[in-house]
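# Examining the three-dimensional arrangement
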Amino acid sequence: VAGLTVAVVKPCQTGVDTGEETDADVVARLAAPHYVTTLERYPDPLVPTIAARIAGLPAVSLNLVVDTMHTLMAAHDLVLIEGAGGVLVPLGRDDWTVIELAAALQAPAVVVARPGLGTLNHTALTRLALARRGVPDLLVLGEWPAEPELVHRTNLRALPPLSGAIPAGAGQLSQEEFRGRCSEWLSPQLHGVLDVNVFTISNRR
């Protein structure tokens with residue numbers, strides 16, 4: 001985000017033995033924030049609590065994550081936390097989830113939803129789970145196609161108001177292109193310049 005010092009934290013990453021880029025690697029490659037880290041890493045591509053048990057490694061504690069966030073929040077303008085899976089996936093010791101973390105930090109959740117078939121149900125269930133704990137959310141569409149089909153346009157009409165839309169293929173851009181264009185994909189709520197009303201009107205049906 002232009003002009004802001006940004007830290008990105010992944011509390012736990014699974015599947016680190018697959019040979020693929022980790023989520024932190026992808027963030028560093030594309031966005032190059034001031035600070036990016038992963039607190040715990042587990043070899044198998046499983047739910048974090050299960051991956052920790054299988055590997056015989058400690059599951060990350062909610063208190064550790066909260067303390068880390070407070071430290072980083074004191075030193076950065078913006079701190080982003082990436083979960084793993086959906087908002088009800090158990091991430092660490094005592095089966096805490098993204099919802100518990102957001103509630104503990106009194107922070108909003110950014111819900112990244114796919115634009116195609118199935119998104120209405122998944123998005124509604126995610127937002128309902130967050131609302132029941134009093135966690136506000138901002139909705140961003142991921143992988144918005146360059147040529148939207150009927151399902152994308154009609155879903156856009158049915159979804160709640162957006163706070164952003166990330167184009168398909170953004171993950172393959174160079175760092176220079178990604179950093180230069182990312183503000184175009186996010187609304188002012190997320191420190192971007194996207195006029196979501198114009199985007200929605202021009203794309204829905």
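Above this text you will find the structure in question.
Below, the structure is looked at part by part. (Residues numbered from 1 in each chain as written. Predicted model: local features only at pLDDT ≥ 70, side-chain atom pairs only at ≥ 80, totals over all residues. Heavy atoms only, no water.)

Two side chains with opposite charge may pair up if their charged atoms get near one another. In the structure shown here, the tally under the stated rule is five salt bridges. Residue R29 pairs with E21 through a salt bridge whose shortest N-O separation is 2.9 Å. Judged by its relative accessible area of 34%, R29 falls in the partly exposed class. With a closest N to O distance of 3.0 Å, E100 and R133 form a salt bridge. Remark: R133 occurs in the loop between helix 5 (119–132) and strand 5 (137–144) and E100 occurs in helix 4 (residues 98–105); sequence separation between them is 33 residues. The exposure class of E100 is partly exposed, given its relative accessible area of 24%. For R133, a relative accessible area of 43% gives the class partly exposed. When salt bridges that share partners are traced, they join K10, D23 and E82 into one network. (Salt bridge = Lys/Arg side-chain N within 4 Å of Asp/Glu carboxyl O. Buried < 20%, exposed > 50% of the residue type's maximum accessible area, 1.4 Å probe, protein only. Helix = DSSP H or I, 4+ residues; strand = E, 2+ residues; numbered from the N terminus.)

Within the open sheet, the three strands sit side by side as 4-5-6. Their pairing is parallel. The sheet is open, and its two borders are formed by strand 4 (109–113) and strand 6 (164–167), each paired with just one other strand. The average angle at which neighbouring strand axes cross in this sheet is 25°, direction not considered. In terms of strand pairing, strand 4 meets strand 5 through five bridges, oriented parallel. Paired with A109 across the bridge in strand 5 is D137. (Pairing = 2+ DSSP bridges. Axes fitted to C-alpha atoms, helices over the stretch in contact; angles between N-to-C directions.)

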